[in-house]
Amino acid sequence: MSMPLKSRLKRWANRRLRQPYYRAFSAKTIRSNLNRPIVSFTFDDYPQSAWTVAGRILNDHDVHGTYYTALGLMDQTSRIGKLYTRDDLLATHDDGHEIACHTYSHPNLRRTPVRNCVDDIEKNLAELRRLVPNGSLQNFSYPSGSISIGNKRALTPRFDTLRGVEDGINTGVIHLNLLRARRIYDADGSAETDRIWVDQNAARCGWLIFYTHDVCDEPSDVGCTPRRFETAVRAALESSAEVLTVAEAYQRLTGKS
Ligand SMILES: [Zn+2]
(Lines give C-alpha, C1' and ligand atoms only; values in the text may rest on other atoms or scores of the structure.)
Protein backbone atom coordinates (compact mmCIF):
# COMPACT_ATOMS: atom_id res chain seq x y z
CA MET A 1 0.00 0.00 0.00
CA SER A 2 1.58 3.32 -0.95
CA MET A 3 1.31 6.36 1.26
CA PRO A 4 -1.16 9.12 0.20
CA LEU A 5 0.43 12.32 -1.13
CA LYS A 6 -1.01 14.41 1.72
CA SER A 7 0.62 12.18 4.34
CA ARG A 8 3.91 12.28 2.49
CA LEU A 9 3.85 16.08 2.35
CA LYS A 10 2.98 16.33 6.03
CA ARG A 11 5.80 14.00 6.92
CA TRP A 12 8.24 15.90 4.74
CA ALA A 13 7.29 19.23 6.41
CA ASN A 14 7.68 17.71 9.85
CA ARG A 15 11.08 16.23 9.11
CA ARG A 16 12.56 19.12 7.17
CA LEU A 17 11.06 22.15 8.91
CA ARG A 18 9.93 21.31 12.42
CA GLN A 19 12.52 18.76 13.50
CA PRO A 20 15.61 21.01 13.22
CA TYR A 21 13.79 23.61 15.33
CA TYR A 22 12.86 21.04 17.98
CA ARG A 23 16.42 19.70 17.95
CA ALA A 24 17.93 23.10 18.71
CA PHE A 25 16.08 23.78 21.98
CA SER A 26 16.61 22.12 25.40
CA ALA A 27 19.01 19.60 23.95
CA LYS A 28 20.35 16.86 26.23
CA THR A 29 23.41 15.59 24.44
CA ILE A 30 26.22 13.13 24.95
CA ARG A 31 29.35 12.66 22.88
CA SER A 32 29.43 9.11 21.58
CA ASN A 33 32.33 6.97 22.74
CA LEU A 34 31.08 3.79 21.14
CA ASN A 35 33.75 1.46 19.90
CA ARG A 36 31.23 -0.87 18.35
CA PRO A 37 28.10 0.16 16.39
CA ILE A 38 24.64 -0.58 17.77
CA VAL A 39 21.35 -1.34 16.04
CA SER A 40 18.05 -1.24 17.95
CA PHE A 41 14.68 -2.54 16.76
CA THR A 42 11.74 -0.63 18.19
CA PHE A 43 7.95 -0.72 17.83
CA ASP A 44 5.54 2.14 18.31
CA ASP A 45 1.95 1.58 19.51
CA TYR A 46 2.66 -2.12 20.01
CA PRO A 47 0.44 -3.94 17.55
CA GLN A 48 0.02 -7.57 18.58
CA SER A 49 2.04 -8.69 15.54
CA ALA A 50 5.03 -6.69 16.78
CA TRP A 51 5.20 -9.32 19.49
CA THR A 52 3.68 -12.49 18.00
CA VAL A 53 5.58 -12.14 14.71
CA ALA A 54 8.48 -9.70 15.11
CA GLY A 55 9.17 -10.59 18.74
CA ARG A 56 9.60 -14.22 17.80
CA ILE A 57 11.96 -13.28 14.98
CA LEU A 58 14.05 -11.34 17.49
CA ASN A 59 13.90 -14.27 19.94
CA ASP A 60 15.02 -16.68 17.21
CA HIS A 61 18.13 -14.54 16.79
CA ASP A 62 18.69 -14.16 20.55
CA VAL A 63 18.21 -10.40 20.53
CA HIS A 64 15.63 -8.07 22.07
CA GLY A 65 13.51 -5.16 20.95
CA THR A 66 11.94 -2.08 22.54
CA TYR A 67 8.15 -1.75 22.69
CA TYR A 68 6.93 1.82 23.13
CA THR A 69 3.68 1.18 24.91
CA ALA A 70 0.63 3.40 25.43
CA LEU A 71 -1.64 1.58 27.89
CA GLY A 72 -4.70 3.45 26.68
CA LEU A 73 -4.35 1.44 23.46
CA MET A 74 -4.34 -2.00 25.12
CA ASP A 75 -6.91 -4.45 23.67
CA GLN A 76 -7.88 -2.03 20.93
CA THR A 77 -7.88 -2.45 17.18
CA SER A 78 -6.74 0.30 14.85
CA ARG A 79 -5.59 0.75 11.28
CA ILE A 80 -2.42 -1.14 12.22
CA GLY A 81 -4.49 -4.15 13.29
CA LYS A 82 -5.17 -5.66 16.67
CA LEU A 83 -3.04 -4.12 19.40
CA TYR A 84 -1.43 -5.92 22.32
CA THR A 85 -3.20 -7.53 25.27
CA ARG A 86 -2.08 -7.69 28.87
CA ASP A 87 -0.81 -11.23 28.28
CA ASP A 88 1.23 -10.04 25.29
CA LEU A 89 2.77 -7.31 27.42
CA LEU A 90 3.76 -9.71 30.19
CA ALA A 91 5.12 -12.31 27.75
CA THR A 92 7.15 -9.69 25.89
CA HIS A 93 8.63 -8.47 29.14
CA ASP A 94 9.26 -12.01 30.43
CA ASP A 95 11.21 -12.80 27.27
CA GLY A 96 13.61 -9.95 28.03
CA HIS A 97 12.32 -7.29 25.65
CA GLU A 98 12.12 -3.71 26.84
CA ILE A 99 8.77 -2.15 27.68
CA ALA A 100 9.11 1.59 27.14
CA CYS A 101 6.70 4.52 27.35
CA HIS A 102 4.62 6.11 24.56
CA THR A 103 2.17 8.24 26.65
CA TYR A 104 -1.14 6.74 27.86
CA SER A 105 -3.66 8.02 25.33
CA HIS A 106 -1.36 8.78 22.39
CA PRO A 107 -2.09 12.52 22.13
CA ASN A 108 -0.48 14.84 19.61
CA LEU A 109 2.12 16.47 21.86
CA ARG A 110 2.37 19.51 19.64
CA ARG A 111 -1.22 20.39 20.53
CA THR A 112 -1.23 19.17 24.13
CA PRO A 113 -0.45 21.55 27.02
CA VAL A 114 2.53 20.47 29.10
CA ARG A 115 0.45 19.79 32.24
CA ASN A 116 -1.94 17.46 30.36
CA CYS A 117 0.93 15.76 28.64
CA VAL A 118 2.79 15.11 31.88
CA ASP A 119 -0.39 13.83 33.56
CA ASP A 120 -1.01 11.47 30.65
CA ILE A 121 2.52 10.12 30.85
CA GLU A 122 2.42 9.76 34.64
CA LYS A 123 -0.78 7.75 34.24
CA ASN A 124 0.97 5.46 31.74
CA LEU A 125 3.98 5.03 34.00
CA ALA A 126 1.83 4.26 37.05
CA GLU A 127 -0.22 1.67 35.14
CA LEU A 128 2.83 0.12 33.55
CA ARG A 129 4.58 -0.15 36.89
CA ARG A 130 1.53 -1.91 38.26
CA LEU A 131 1.49 -4.42 35.39
CA VAL A 132 5.25 -4.79 34.97
CA PRO A 133 6.71 -4.00 38.42
CA ASN A 134 10.35 -4.63 37.49
CA GLY A 135 10.21 -3.01 34.07
CA SER A 136 12.66 -0.16 33.55
CA LEU A 137 10.35 2.26 31.69
CA GLN A 138 13.22 4.67 31.24
CA ASN A 139 12.74 5.41 27.57
CA PHE A 140 10.05 7.20 25.61
CA SER A 141 9.04 7.81 22.00
CA TYR A 142 7.06 10.85 20.89
CA PRO A 143 3.61 9.73 19.59
CA SER A 144 3.66 10.07 15.79
CA GLY A 145 6.87 12.03 16.26
CA SER A 146 4.82 15.02 17.54
CA ILE A 147 6.81 17.34 19.80
CA SER A 148 6.60 20.76 21.41
CA ILE A 149 9.52 22.49 23.05
CA GLY A 150 7.59 22.70 26.35
CA ASN A 151 6.85 18.99 26.31
CA LYS A 152 10.39 18.10 25.31
CA ARG A 153 11.71 20.15 28.24
CA ALA A 154 9.21 18.62 30.70
CA LEU A 155 9.90 15.02 29.64
CA THR A 156 13.69 15.22 29.51
CA PRO A 157 14.31 14.72 33.26
CA ARG A 158 11.74 11.92 33.43
CA PHE A 159 13.40 9.57 30.93
CA ASP A 160 16.86 8.45 29.88
CA THR A 161 16.01 8.95 26.21
CA LEU A 162 13.25 10.38 24.03
CA ARG A 163 13.00 9.04 20.46
CA GLY A 164 11.65 10.93 17.48
CA VAL A 165 11.03 9.95 13.87
CA GLU A 166 13.66 12.07 12.17
CA ASP A 167 15.75 10.03 9.76
CA GLY A 168 19.32 9.51 10.80
CA ILE A 169 22.03 7.65 12.63
CA ASN A 170 22.91 8.69 16.19
CA THR A 171 26.61 9.41 16.16
CA GLY A 172 29.02 12.15 17.22
CA VAL A 173 27.02 14.44 19.47
CA ILE A 174 23.90 12.41 20.21
CA HIS A 175 20.67 14.15 21.22
CA LEU A 176 19.35 11.84 23.91
CA ASN A 177 16.05 13.70 24.12
CA LEU A 178 15.44 13.60 20.38
CA LEU A 179 17.04 10.42 19.12
CA ARG A 180 17.08 9.93 15.38
CA ALA A 181 15.50 6.81 13.96
CA ARG A 182 14.78 5.07 10.69
CA ARG A 183 11.45 3.52 9.72
CA ILE A 184 10.98 0.03 8.28
CA TYR A 185 7.79 0.47 6.29
CA ASP A 186 6.90 -1.61 3.26
CA ALA A 187 5.29 1.53 1.81
CA ASP A 188 8.65 3.24 1.91
CA GLY A 189 12.03 1.79 1.05
CA SER A 190 13.02 -1.84 0.73
CA ALA A 191 15.18 -4.48 2.35
CA GLU A 192 18.03 -3.05 0.31
CA THR A 193 17.47 0.42 1.84
CA ASP A 194 17.54 -1.10 5.32
CA ARG A 195 20.83 -2.81 4.55
CA ILE A 196 22.36 0.46 3.31
CA TRP A 197 21.39 2.09 6.63
CA VAL A 198 22.95 -0.78 8.57
CA ASP A 199 26.15 -0.55 6.53
CA GLN A 200 26.37 3.22 6.96
CA ASN A 201 25.81 2.81 10.69
CA ALA A 202 28.63 0.27 10.87
CA ALA A 203 30.96 2.55 8.90
CA ARG A 204 30.21 5.47 11.26
CA CYS A 205 30.23 3.38 14.45
CA GLY A 206 26.81 4.81 15.23
CA TRP A 207 23.58 3.82 16.91
CA LEU A 208 20.86 3.08 14.37
CA ILE A 209 17.33 2.80 15.77
CA PHE A 210 14.83 1.15 13.47
CA TYR A 211 11.13 1.57 14.16
CA THR A 212 8.00 0.05 12.71
CA HIS A 213 4.47 -0.88 13.78
CA ASP A 214 2.67 -4.02 12.56
CA VAL A 215 4.72 -6.88 11.14
CA CYS A 216 2.48 -9.15 9.07
CA ASP A 217 1.90 -10.44 5.55
CA GLU A 218 -0.36 -7.54 4.59
CA PRO A 219 1.04 -4.66 6.62
CA SER A 220 -0.43 -1.18 7.01
CA ASP A 221 1.38 1.80 5.49
CA VAL A 222 3.42 2.05 8.72
CA GLY A 223 4.30 -1.63 9.01
CA CYS A 224 6.30 -4.26 7.20
CA THR A 225 6.26 -7.93 6.27
CA PRO A 226 7.96 -10.56 8.43
CA ARG A 227 10.38 -11.18 5.58
CA ARG A 228 11.45 -7.52 5.43
CA PHE A 229 11.81 -7.37 9.21
CA GLU A 230 13.84 -10.55 9.45
CA THR A 231 16.10 -9.42 6.60
CA ALA A 232 16.84 -6.23 8.55
CA VAL A 233 17.61 -8.21 11.72
CA ARG A 234 19.96 -10.47 9.79
CA ALA A 235 21.64 -7.48 8.13
CA ALA A 236 22.22 -5.92 11.55
CA LEU A 237 23.66 -9.15 12.95
CA GLU A 238 25.86 -9.70 9.89
CA SER A 239 27.31 -6.20 10.32
CA SER A 240 29.78 -5.45 13.07
CA ALA A 241 26.94 -4.05 15.24
CA GLU A 242 25.52 -5.28 18.50
CA VAL A 243 21.73 -5.54 18.49
CA LEU A 244 20.52 -3.98 21.74
CA THR A 245 17.37 -2.55 23.26
CA VAL A 246 17.29 1.23 23.72
CA ALA A 247 17.87 0.76 27.47
CA GLU A 248 20.94 -1.40 26.82
CA ALA A 249 22.27 1.03 24.22
CA TYR A 250 21.86 3.91 26.67
CA GLN A 251 23.93 1.96 29.20
CA ARG A 252 26.68 1.45 26.61
CA LEU A 253 26.67 5.15 25.74
CA THR A 254 26.82 6.31 29.31
CA GLY A 255 29.35 3.67 30.38
CA LYS A 256 26.96 2.23 32.95
CA SER A 257 27.66 -1.35 31.84
ZN1 LIG B 1 2.53 5.93 18.25
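Provided above is the structure to which this section pertains.
Residues numbered from 1 in each chain as written. Predicted model: local features only at pLDDT ≥ 70, side-chain atom pairs only at ≥ 80, totals over all residues.

J.: Looking at this model, I keep getting lost on the packing of helix α2 (residues 48-60) against helix α7 (residues 226-238). Mind explaining?
T.: A pair of packed helices can be characterised by two numbers: the angle between their axes and the separation between those axes. Packing of α2 against α7 brings their axes to within 10 Å, and their N-to-C directions diverge by 25 degrees. One element, α2, and the other, α7, form an angle in the roughly parallel class. Where α2 crosses over α7, the two elements pack in a sense that is right-handed. Every residue of α7 that contacts α2 at Val53, Ala54, Ile57 and Leu58 is listed here: Pro226, Phe229, Glu230 and Val233. Class assignment for the residues of the contact of α2 with α7 results in seven nonpolar, no polar and one charged. (Axes fitted to C-alpha atoms, helices over the stretch in contact; angles between N-to-C directions. Helix = DSSP H or I, 4+ residues; strand = E, 2+ residues; numbered from the N terminus. Parallel < 35°, antiparallel > 145°, perpendicular 65-115°, else oblique. Left-handed = near helix turned anticlockwise from the far one by under 90°. Contact = placed C-beta atoms within 7 Å. Nonpolar A, V, L, I, M, F, W, Y, C, P; charged D, E, K, R; others polar.)

J.: What is the right way to read the environment of Asn108 from this model?
T.: Tracing the chain through its elements places Asn108 in the loop between β6 (98-101) and α4 (114-131). The spacing of Asn108 and Pro143 is 35 residues in sequence and 6.5 Å in space, taken between C-alpha atoms. Discounting chain neighbours no more than four positions away, the residues touching Asn108 are Pro143, Ser144 and Ser146.

J.: Sorry, what's going on with the packing of helix α6 (residues 191-204) against α7 here?
T.: At a minimum axis separation of 9 Å, α6 and α7 run at an interaxial angle of 25 degrees. The angle between the axes of α6 and α7 places the two elements in the roughly parallel class. α6 and α7 meet at a crossing whose hand is right-handed. Contact with α6, carried on its side by Ala191, Asp194, Arg195 and Val198, involves Arg228, Thr231, Ala232, Ala235 and Ala236 of α7 and no other residues of that element.

J.: Sorry if this is basic, but what is going on with helix α3 (residues 86-94) here?
T.: Residue pairs three or four apart in sequence face the same way in an α-helix, which turns once every 3.6 residues. If you check which residues of α3 are buried, you get Asp88, Leu89, Thr92 and His93. With its buried residues spanning 130 degrees around the axis, α3 presents them on a single face. Facing away from the buried side of α3, by more than 90 degrees, are the exposed residues Arg86, Asp87 and Asp94. Those residues of α3 hidden inside the fold are in contact with α2, β3 (66-69), β6 and α4. With its phi angle positive at about 95 degrees, Gly96 sits one or two positions after the end of α3. (Buried ≥ 20, exposed ≤ 12 C-beta atoms within 10 Å, placed from the backbone. Arc of directions from axis to C-beta.)

J.: Which parts of the structure should I look at to understand unusual backbone geometry?
T.: Excluding glycine, residues mostly carry a negative phi; peptide bonds, for their part, are mostly trans. In this structure, Asp45 is a non-glycine residue whose phi angle is positive, near 75 degrees. For Asp45, the location among the structural elements is in the loop between β2 (38-44) and α2. You will see that Asp75, though not glycine, has its phi angle at about 70 degrees, which is positive. Here Asp75 falls in the exposed class, since 12 other C-beta atoms lie within 10 Å of it.

J.: Before we go on, may I ask you to explain the nonpolar core in this structure?
T.: Most often, soluble globular proteins keep nonpolar side chains buried together rather than apart. Val39, Leu208, Ile209, Phe210 and Ala236 are the most contacted members of the largest nonpolar core, which has 65 residues in total. Each residue touching Ile209, except ones within four places of it in the same chain, is listed here: Ser40, Thr42, Arg163, Asn170, Leu179, Ala181, Arg182 and Val246. (Core = buried A, V, L, I, M, F, W, Y, C linked by C-beta atoms within 7 Å.)

J.: Help me understand the pairing of strand β8 (residues 161-167) in this model?
T.: For a regular strand, side-chain orientation follows a simple rule: the groups alternate between the two sheet faces. Extensive coverage of β8 is indicated by the burial of six of its seven residues. Note that strand β7 (residues 139-141) and β8 share three bridges and pair parallel. Bridge assignment links Phe140 to a residue of β8, and that residue is Leu162. What joins β7 to β8 is helix α5 (residues 149-155), and the crossover it makes is right-handed. Looking at chain direction, β8 and strand β10 (residues 179-183) are connected through two bridges and run parallel. Across the sheet, the residue bridging to Asp167 is Ala181, located in β10. (Pairing = 2+ DSSP bridges. Right-handed = clockwise from strand over helix to strand, strands pointing away.)

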